[in-house]
Amino acid sequence: MESVTKRYPDGTVAVDRLSLEIPDRSITVLVGPSGCGKTTTLRMINRMVEPSEGTILLDGEDIQRQPVTTLRRSMGYVIQNAGLFQHRTIVDNIATVPRMLGWGKQKARARAAELMERVGLDAALAKRYPYQLSGGQQQRVGVARALAADPPVLLMDEPFSAVDPVVRKGLQDELLRIQDELGKTIVFVTHDIDEAIKLGTMVAVMRTGGHLAQYAPPAELLSSPADTFVEDFLGGDRGIRRLSFFPSGRLELTTGPVIPLDATAEQIAAPTPLPPGDRRGRQTARLERAARPDGRGHQAGPAPVPRATVRPGTDSLRVALDCAVLSPTGWAVAVDTDGRVTGVVSQQTIGEAIRSAHAAGRDDERDDEKVAG
Amino acid sequence: MNVLNFVNAFFSDSAHWHGYDGIPARLGEHVQYTLQALLLAAAIGLPIGLVTGHYGRGGNALSLVATAGRALPSFGLLVLMTTLLGFGMLPVMIPLVVLAVPPILVTTYEAMRSVDPSPVDAARGMGMHESRILFQVELPVALPLILSGLRSAAIQIVSTATIAAYVSLGGLGRYIVDGLYQRNYEKVVGGATLVAVLALVTLALFWAVARVAVSPGVRRR
Ligand SMILES: Nc1ncnc2c1ncn2[C@@H]1O[C@H](COP(=O)(O)OP(=O)(O)O)[C@@H](O)[C@H]1O
Ligand SMILES: [Mg+2]
């Protein structure tokens, strides 16, 4: 997007000289407070809104050069309330664009069935109508419908805003998985900064009046916000949130006593260290997970039980720190992917890991500056 | 001497079942007038209502025309048209069409306006042509309301088509007009009963059409 401005007929300047380079095959998130021009920006990409000034290039070519329907058919479009066609069944909703492109009915339906599986929808829902689906399921159908003709670009306008947090998390994870598999160029609009940080490869923070406040990868956004607006918008504990981007793989583990959840008071008083790989330890970690919601497992007495575990290499330093903070002893319990205890790690060790990760980050930035200079 | 006796007498008189003034003939004429007027009114009201509703423009002009149409008394219009055009089908059709267009036009417009805008937005975003959006996205969802507009228009035509008899045409109005003139109340009540039955049949027909034509996804059952 090159210096794009949108002035609505009533004089509102929704987007003001916005320049943005959106990378191929990755998720670019437009985030900002309500009314800052995110939707307008997104809709200029498929020409639902025509810019007043500036040009938008797609693979180097001005999008004004091709017929508007051709352009739109090369871009999937997903909106907040899914916008499903009430009078059509789920398969027929998903098959809309292929049908429009002249595919046969059988082929289009087969493709729709394939996409239902891809977005995690039960095949039994195929013959249902949209009103028979939950909000989260409808949103999945919306995504499947947008993907049906395999467009290289996907435009998504607050697609997950109307569903509850648990379902939203599932949809976000699903989107990341689909993106891993398909490698689309996705432009994703949200007002939720956490969603932006979770999904974005690049995040464009917009400010009311349609100005671009900062355009950066999420980790950089958290470590060095461009100004106080971005800083305020990121909200509190951005230091903690940034830890999500640091891997925990290099944490040094030590062996130490891990107390099983079913321990008796005597065992707690005189803990016997569980050697790494112990089956009881494995059980412990399992139980700890199962025990979380209702506190089952505490029946053995006032056991100082760590409630969560960290998988070094898979989880981030944020998870490690969280476990250490939650643990009454201040030690995080590390497990392997099978849930077997591999060791423990102290808050202090995690703190050191954080410091060295920060230092490495700063070195990187200095290197960048050197290259730039 | 009550109404039921009249009804009974009217329908059991075998003379009322034959010939050009028999029930089948008069009923046929009435149905014919109704269908003609309804088709004409739909041909005017539906396209205008669909297009204005789709683009969301001209709502005020529409309601003005509709109010004016409703304010015109059908019988007065009939007399006026007959004076101007002489006896015939046309002077009868004009008041019936004027009567039927407003409910069709206004309901169709409202039906299109009340369609959820987000599927329309989604359809436009996926590159669907406007005409296709109108017929394949909006119309199926607006259909129940549109049918209800057609239905009330049809019912009004059925009851008002009796005026054709005042200008020497046929239809069920014949029984009422002639009956009143001949002080044959049996005939008046019989004619009125037939009109009422025809109106009920019209209702049933529209119900059946809605069952078949409206998607279960829209009916929500
Ligand atoms: N069709 C329109 N006509 C006039 N003003 C509009 C129109 N659409 C949006 N706006 C205005 O443009 C600004 C940006 O809107 P929008 O792009 O929808 O913001 P966001 O998606 O970030 O909430 C707002 O002030 C909004 O009121
Ligand atoms: Mg918006």
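Residues numbered from 1 in each chain as written. Chains lettered and ligands numbered in written order. Predicted model: local features only at pLDDT ≥ 70, side-chain atom pairs only at ≥ 80, totals over all residues. Heavy atoms only, no water.

Structural notes on the overall build of chain A
How we decide: Helix and strand assignments follow DSSP, with helices taken as H or I runs no shorter than four residues and strands as E runs no shorter than two, numbered in order from the N terminus. Type-normalised accessible area, obtained with a 1.4 Å probe on protein chains alone, sets the label of each residue: buried when under 20%, exposed when over 50%, and partly exposed for intermediate values. Whether two residues are in contact is decided by their heavy atoms: any pair within 4.5 Å suffices.
Each helix and strand counted, chain A has 15 helices and 14 strands in total. With 373 residues in all, chain A has 48% of them scored as buried. Of the contacts made within chain A by residues no fewer than 6 positions apart, 63% connect residues no fewer than 24 positions apart.

Looking at the overall build of chain B
Filter applied, for reference: Methods summary: accessible areas were calculated by the Shrake-Rupley approach with a probe of 1.4 Å, and residue burial reflects only the protein chains presented. Counted as positive: Lys and Arg. Counted as negative: Asp and Glu, with His and the chain ends omitted from the count. Think of each charge as sitting on NZ of Lys, CZ of Arg, CG of Asp or CD of Glu.
Per the secondary structure count, chain B includes ten helices and zero strands. With the C-alpha coordinates aligned to their principal axes, the bounding extent of chain B is approximately 65 × 45 × 25 Å. Within chain B, the proportion of its 221 residues that are buried is 48%. Roughly 10900 Å² of accessible area belongs to chain B as shown, and the carbon and sulfur atoms make up 68% of that amount. A gap of 5 Å separates the mean positions of the 14 positive and 10 negative side-chain charges of chain B.

Remarks on the UniProt feature "transmembrane region" (unreviewed entry) in chain B
All names here are of chain B. Keep this limit in mind: UniProt positions are given in the numbering used here, feature names are shortened, and annotations may be inferred rather than shown by experiment.
Under the UniProt annotation, the feature "transmembrane region" (unreviewed entry) is placed at residues 33–56, 77–105, 157–177 and 189–214. Secondary structure over residues 33–56 splits into 96% helix and 0% strand, and the C-alpha atoms at its two ends are 33 Å apart. When the span residues 189–214 is considered, its composition is 96% helix and 0% strand, and the gap between its end C-alpha atoms is 37 Å.

What about the interface of chain A and chain B?
For clarity, the cut-off: Note on definitions: buried area is the accessible-area loss of two parts on being combined, 1.4 Å probe, summed for both. Take a side-chain nitrogen of Lys or Arg and a carboxyl oxygen of Asp or Glu: if they are within 4 Å of each other, that pair is a salt bridge. We call two N or O atoms a polar contact when they sit within 3.5 Å, provided that within protein one can donate a hydrogen and the other can accept it, with sequence-adjacent residues counted only if both atoms are side-chain atoms. Any residue outside Ala, Val, Leu, Ile, Met, Phe, Trp, Tyr, Cys, Pro, Asp, Glu, Lys and Arg is labelled polar, Gly included; the first ten of those are nonpolar and the last four are charged.
Across the boundary between the two partners, chain A contributes 22 residues, which contact 22 residues of chain B. Together chain A and chain B conceal approximately 2000 Å² of surface at their shared face, both sides included; 61% is due to carbon and sulfur atoms. The largest contributions to the chain A side of the interface with chain B come from A:Q86, A:H87 and A:Y131, which together make up 32% of the buried area. At the boundary of chain A and chain B, one finds one salt bridge. The shortest N-O distance in the salt bridge between B:D121 and A:R43 comes to 2.8 Å. Here chain A and chain B share seven residue pairs in polar contact (both at pLDDT 80 or more) between them. Secondary structure elements with two or more residues in the side of chain A that touches chain B: α2 (68–73), β7 (75–78) and α4 (96–100) of chain A. In the side of chain A that touches chain B, the residues fall into ten nonpolar, seven polar and five charged.

So, helix α6 (residues 135–147) of chain A
The test is simple: One fewer than the residue count of a helix, multiplied by 1.5 Å, yields its expected span.
The terminal C-alpha atoms of α6(A), which comprises 13 residues, lie 19 Å apart, in line with the 18 Å expected from a rise of 1.5 Å per residue. Burial runs high along α6(A): eleven of the 13 residues are buried.

Points about the layout of surface pockets
Residue and element names in this part refer to chain A. Note the cut-off: Grid points spaced at 1 Å over the protein atoms alone were grouped into cavities, where a 1.4 Å probe fits but cannot get out, and pockets, open sets with protein on both sides within 12 Å along at least five of seven lines, with lining residues defined by an atom within 4 Å of a point. Grid points are joined across faces, edges and corners, and a volume is the space filled by probe spheres set on the points. As used throughout, domain bounds are those supplied by an automatic or database domain assignment.
The volume enclosed by the largest pocket comes to roughly 750 Å³. Forming the boundary of the largest pocket are 22 residues, of which K169, K198, S244, R318 and V319 lie nearest the centre. Those elements that provide at least two residues to the lining of the largest pocket are α7 (165–182), α8 (193–199), α11 (238–242) and α14 (317–326). The class makeup of the residues in the lining of the largest pocket is seven nonpolar, four polar and eleven charged. Among the domains, domain 1 (2–236) and domain 2 (246–294 + 301–373) are the pair contributing at least three residues each to the lining of the largest pocket. Listed by contribution, the elements that provide at least two residues to the lining of the second largest pocket are β5 (57–58) and β9 (185–190).

A short note on the pairing of strand β13 (residues 331–335) of chain A
Residues and elements named next belong to chain A. Note the following rule: Here, the term right-handed applies to a crossover whose path from the first strand over the helix to the second runs clockwise when the strands point away from the viewer. Two strands qualify as a pair provided DSSP detects at least 2 bridges between them.
For β13, a buried count of four out of five residues is recorded, marking the element as mostly surrounded by other parts of the structure. Handedness of the crossover is the feature at issue here: the chain leaves strand β12 (residues 309–310), passes through α14, returns alongside β13, and the resulting connection is right-handed. In the sheet, β13 pairs with strand β14 (residues 341–346) via five bridges, with the strands oriented antiparallel. Residue pairing for β14: A332 is matched across the bridge by V345. In sequence, β13 turns back onto β14 through a hairpin of five residues, with G339 there showing a positive phi of about 85°.

A word on the environment of B:I94
All names here are of chain B. Along the chain, I94 turns up in helix α5 (residues 89–113). For the pair formed by I94 and H129, sequence separation is 35 residues and the distance between their alpha carbons is 36 Å. If near-sequence neighbours (up to four positions away) are discounted, I94 is found in contact with L77, M81 and L85.

Here's the deal with the sheet that holds β9(A)
Residue and element names in this part refer to chain A. Cut-off, in case you're wondering: Note on geometry: axes are C-alpha line fits, over the in-contact stretch for helices, and angles between N-to-C directions span 0 to 180 degrees.
The strand order across the open sheet formed by six strands is β7-β8-β9-β3-β10-β11, and the pairing between neighbours is mixed. The open sheet terminates on both sides in strands that have one partner only, identified here as β7 and β11 (211–216). Across the sheet, the axes of successive neighbouring strands diverge by a mean angle of 15°, strand direction being ignored. Two strands pair when backbone bridges link them, and β7 and strand β8 (residues 153–157) are joined in this way by four bridges, in the parallel orientation. Among the inter-strand pairings, G76 is bridged to a residue of β8, identified as L154.

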